[in-house]
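Residues per chain, in single letters:
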Number of protein chains: 2
Amino acid sequence: MMKKNVTLVEVGPRDGFQSVKGDFIPTELKISIIDQLIDAGVRHLEYTSFVSPKAIPQLADASAVTEHVLSIYPDIDLFALVPNLRGASNAYSLGLRKVVNVVSFSASHNKANINRTHEQSLAAYREIRDTYPDMEADLDLATAFGCPFEGKEGKYRDPDSLIEFLEPYCDSGLKTVTLCDTVGLADPEQVRTLIKALRRAYPELGLEVHIHDTRGLGMVITLAAIECGVDAVQSTLGGLGGCPFAPGASGNLSTEDMVWMLNEMGFETGISFQKILAAAKFQMQTIPTGNYSGHHITIEKETPCCF
Amino acid sequence: MMKKNVTLVEVGPRDGFQSVKGDFIPTELKISIIDQLIDAGVRHLEYTSFVSPKAIPQLADASAVTEHVLSIYPDIDLFALVPNLRGASNAYSLGLRKVVNVVSFSASHNKANINRTHEQSLAAYREIRDTYPDMEADLDLATAFGCPFEGKEGKYRDPDSLIEFLEPYCDSGLKTVTLCDTVGLADPEQVRTLIKALRRAYPELGLEVHIHDTRGLGMVITLAAIECGVDAVQSTLGGLGGCPFAPGASGNLSTEDMVWMLNEMGFETGISFQKILAAAKFQMQTIPTGNYSGHHITIEKETPCCF
C-alpha cells in the first residue's frame, strides 16, 4: 500500500506553554521539549509568541527561544505568533521570517479576545505585510466554526461568508490560513463543506486546521479535514492547552494520539510514535500543572480487559 | 438536505453499571436512568447481564430490572448479555427474547476473560441457539481489532481470518455481530477494511461496532464505521465503563457526545441531545464513583476563550 502524505504542525510550545498557570517554565525546559519534538520527527513548529509579557507571562522568553531555535534548526519550518506590528518587528529583528497573525471570524469574539474590530484586525495584518514584505505572515482564523457568543448557525455554516471574509487577506498576499475551532463547536460535516468550498474559491491558498477536543471530536474532525485535502493539521504535545476558560473541558488535540492514529492508518507522518510519546510524558512530568487532553499519556500500561 | 439514518444502541446499563466499584447501584436508580434514556429517544438498549452475582455484583438485580423493562417498554428493542445457557435460561424464563453472547477473537483473551477455548465458546453459543430457537442470540466479538496479549497485527488486519471465524456462527443462525474494540486498538482504516469485507462476505448479517475511546479514537472510528454502512453503533451514557484494568484510561464512547456530533451532522438519531445530556449529568451525580469518558458532562459552562 502506498503511504499517504500528511503534514503535522506542532503548536504546543506556543499554544500549550502559554496556558500553563503558576511557575514560569524555565527557558531551558522549553528548549529541551522543542529539541525532543524535533528529534521525534517534527518539522513544522510554532514555537512561541511575541506578545506582551503582561498578557502572557509564560512566553516572556520569546527572544531567547528564538535565538536558540534559529541557530540550531535552520532546516525546520519555524514560526511564531504575533498579535501586531510590534511583535512582528521583534521577530523580524531576530531573523525570523515567518509569523502568524490572529483574527476571529466572530466579530464579538474578536472584540473580546483582542479588543479590535474586524477592520482594525485587517489593518494590523496589512501593516505587517507592508512593513515586512519578505516575511511570510500567515493567519489563524479563530472561531472559524463557531463562537461562544454567537453559536454556530448562520455564517458559521455558510461557505460564502468565510470566502468573503478571507478575500481582503488573500488580496494582501496571505499564503496560508489556519481554520481554528476555538471552542470545539465544529462537526465533521461542517468542516468538510467549508474546506471544500474554500479550496475551490482559493486554489492557491494554503489550508490548515487547528481543532480542539472540547466535545471529544478533535480526532474525527481532524481526520475529516485531512481526507478533504487540507495541507496540514495542527496539534499540541500531550494535548497541552486549549481553552483555559472552560474548566474541566479538554482542549487541544494531542500530537501523540494523532500520530498513533495516522501511523496506524498508513500515513507518512515522519514522526516516531515512541519518541513523541516519550516527549509527552517528559512534558507532563516536568510541567505537572498543565491541562492535558492526551489519551496515551494516561494509559499506565497495557493490561487485559474483561468484556 | 435529506437526513441520514443511523441506529444507536445504548449499552450503559450493562457495560457501564457493571464497572462501578463500591456501593451497589439501587435497582430504582438503574430503572430511573433507563427511563431517562428511553425518554430521551433511545430505542435499542442492552439493559443488564444474566451473569453470576459473584462475578459482577452490580448486576445481581437482572431479574427485577428485566421485569420492569419488559412490562413498561414492550416496543423498545431490549436485550441482555448472557455468558452461557444458564444465563439464557434465566432471561428466557422472564420473557426476554433477545440476548447477546460473547467470544473474543483473540484465543488468549478468550481464555483469560471467560476461561474458554474458541471451540468451547462456539459450543456454548450453539447450545443457546439449539435450546431456544425462538430467542435471538447475537454475538459480541471482543478484541475484534486487537488484543492486549496479541497486539493488532496478523489476523486483526486480515478480513479472511475474521470471515472464517464467524462462519460457524453464521451457520448456526447468527443474526447480528458486534465488533468490539475491547482495548481501543482499532484505527479507522482497519475498521473500514474489515467492515467492507465482512459486508461483502455476509450481506445478510447485521453489523454493529462497539468502540472504546482508550486512545481518543472512539468518535473517529465510530463515524468511519457509520459511513461504511454498519447497521448500528454502540455507546454508553456518560461514557461510563469500558476497561476497568487500565487505570486512568478513558473507556467507552459516550452516547451524548456521539448524539451531539451526529445531530450536528444532519443524521436522524431520534435522540434529544438536551435530554440525553441531562440524563448523563444525573447519572454522574447519582453514581459519582463511576469512570466517565464523556466530554460534554465535563464542560461546566460555555465561556469566552482566548486564542
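Residues numbered from 1 in each chain as written. Chains lettered and ligands numbered in written order. Predicted model: local features only at pLDDT ≥ 70, side-chain atom pairs only at ≥ 80, totals over all residues. Heavy atoms only, no water.

Concerning the overall build of chain A
Okay, step 1: The helix and strand inventory of chain A stands at eleven helices and ten strands.
Okay, step 2: In terms of overall size, chain A behaves like a compact globule, its C-alpha atoms giving a radius of gyration of 18 Å where 307 residues would be expected to give roughly 19 Å.
Okay, step 3: Principal-axis analysis of the C-alpha atoms places the extent of chain A at approximately 55 × 45 × 40 Å.
Okay, step 4: When each of the 307 residues of chain A is scored for burial, the buried share is 63%.
Okay, step 5: Look at the contacts in chain A between residues 6 or more apart in sequence, and 76% of them connect residues 24 or more apart.
Okay, step 6: Per element, the accessible surface of chain A, about 11300 Å² overall, is 53% carbon and sulfur. (Helix = DSSP H or I, 4+ residues; strand = E, 2+ residues; numbered from the N terminus. Rg over C-alpha atoms; globule rule 2.2 N^0.38 Å. Buried < 20%, exposed > 50% of the residue type's maximum accessible area, 1.4 Å probe, protein only. Contact = heavy atoms within 4.5 Å. Areas by Shrake-Rupley, 256 points an atom, 1.4 Å probe, with all protein chains shown as cover.)

Comments concerning the packing of aromatic side chains
Okay, step 1: Inspection of every chain in the model, using the stated rule, returns ten aromatic pairs over all chains.
Okay, step 2: Taken together through their ring pairs, the aromatic side chains of A:Phe105, A:Tyr125, A:Tyr156, A:Phe165 and A:Tyr169 make up a single cluster.
Okay, step 3: For B:Arg97, the ring lying beneath its charged end belongs to B:Tyr92, and the centroid distance is 3.6 Å.
Okay, step 4: For B:Lys155, the ring lying beneath its charged end belongs to B:Phe105, and the centroid distance is 4.3 Å. (Phe/Tyr/Trp six-rings, centres within 6.5 Å; stacked < 30°, edge-to-face > 60°. Lys NZ or Arg CZ within 6 Å of the ring centre and 35° of its normal.)

A closer look at the packing of helix 7 (residues 159-171) of chain B against helix 8 (residues 188-201) of chain B
For any two helices packed against each other, one specifies the crossing angle of their axes together with the interaxial distance.
Residues and elements named next belong to chain B.
Okay, step 1: At a minimum axis distance of 9 Å, the contact between helix 7 and helix 8 shows a crossing angle of 45 degrees. Judged by the inter-axis angle, helix 7 sits oblique to helix 8. Our pair here, helix 7 against helix 8, has a crossing hand that is right-handed. Contacts between helix 7 and helix 8 involve Pro 159, Leu 162, Ile 163 and Leu 166 from the former and Thr 193, Leu 194, Ala 197, Leu 198 and Ala 201 from the latter. (Axes fitted to C-alpha atoms, helices over the stretch in contact; angles between N-to-C directions. Parallel < 35°, antiparallel > 145°, perpendicular 65-115°, else oblique. Left-handed = near helix turned anticlockwise from the far one by under 90°.)

As for the pairing of strand 9 (residues 232-235) of chain B
Residues and elements named next belong to chain B.
Okay, step 1: Across the two faces of strand 9 the burial is the same, with Ala 232 and Gln 234 and Val 233 and Ser 235 all buried.
Okay, step 2: As paired strands, strand 2 (residues 8-10) and strand 9 are joined by three bridges and run parallel to one another. When the sheet's bridge partners are listed, Glu 10 is paired in strand 9 with Ser 235.
Okay, step 3: Handedness of the crossover is the feature at issue here: the chain leaves strand 8 (residues 206-211), passes through helix 9 (residues 218-227), returns alongside strand 9, and the resulting connection is right-handed. (Pairing = 2+ DSSP bridges. Right-handed = clockwise from strand over helix to strand, strands pointing away.)

Some words on a negative patch on the surface
Okay, step 1: A grouping of A:Asp160, A:Glu164, A:Glu167 and A:Asp171 is seen on the molecular surface, where their side chains present a negatively charged patch.
Okay, step 2: Mapped onto the fold, A:Asp160 is located in helix 7 (residues 159-171). (Patch = residues over 30% accessible without salt bridge, like charges linked within 9 Å, V, L, I, M, F, W, Y side chains within 5 Å. Salt bridge = Lys/Arg side-chain N within 4 Å of Asp/Glu carboxyl O. Lys, Arg positive; Asp, Glu negative; His and termini not counted. Charge placed at Lys NZ, Arg CZ, Asp CG, Glu CD.)

Considerations on the pattern of salt bridges
Once the charged atoms of two side chains with opposite charge are near each other, the side chains can pair.
Okay, step 1: Scanning all chains against the criterion turns up 34 salt bridges over all chains.
Okay, step 2: One salt bridge in this structure joins B:Lys152 and A:Glu264, with 2.7 Å as the shortest N-O distance. With B:Lys152 in the loop between strand 6 (136-142) and helix 7 and A:Glu264 in helix 10 (residues 255-265), the pair connects residues from two separate chains.
Okay, step 3: Connected through salt bridges with shared partners, the residues A:Lys152, A:Glu153, A:Arg157, A:Asp187 and B:Glu264 form a single ionic network.

Re the nonpolar core
Okay, step 1: Among the nonpolar cores identified, the biggest contains 195 residues, and A:Tyr47, A:Leu141, A:Leu179, B:Tyr47, B:Leu141 and B:Leu179 are the most heavily contacted of them.
Okay, step 2: Not counting residues within four places of it along the chain, the set of residues in contact with B:Leu141 comprises B:Val103, B:Ser104, B:Phe105, B:Leu162, B:Phe165, B:Leu166, B:Val177, B:Thr178, B:Leu179 and B:Cys180. (Core = buried A, V, L, I, M, F, W, Y, C linked by side-chain atoms within 4.5 Å.)

Quick look at the confidence of the model for chain A
Okay, step 1: When pLDDT is averaged along chain A, the result is 94; 94% of the residues meet or exceed 70.
Okay, step 2: Two numbers describe this predicted complex: its pTM, 0.94, and its ipTM, 0.93. (pLDDT = per-residue confidence, 0-100.)

As for the side chain of B:Ser235
Residue and element names in this part refer to chain B.
Okay, step 1: With respect to the helices and strands, Ser 235 occurs in strand 9.
Okay, step 2: On the accessibility criterion, Ser 235 (3% relative accessible area) is buried.
Okay, step 3: With near-sequence residues (within four places) excluded, Ser 235 lies in contact with Val 9, Glu 10, Val 11, Gly 12, Leu 253, Ser 254, Thr 255 and Met 258.

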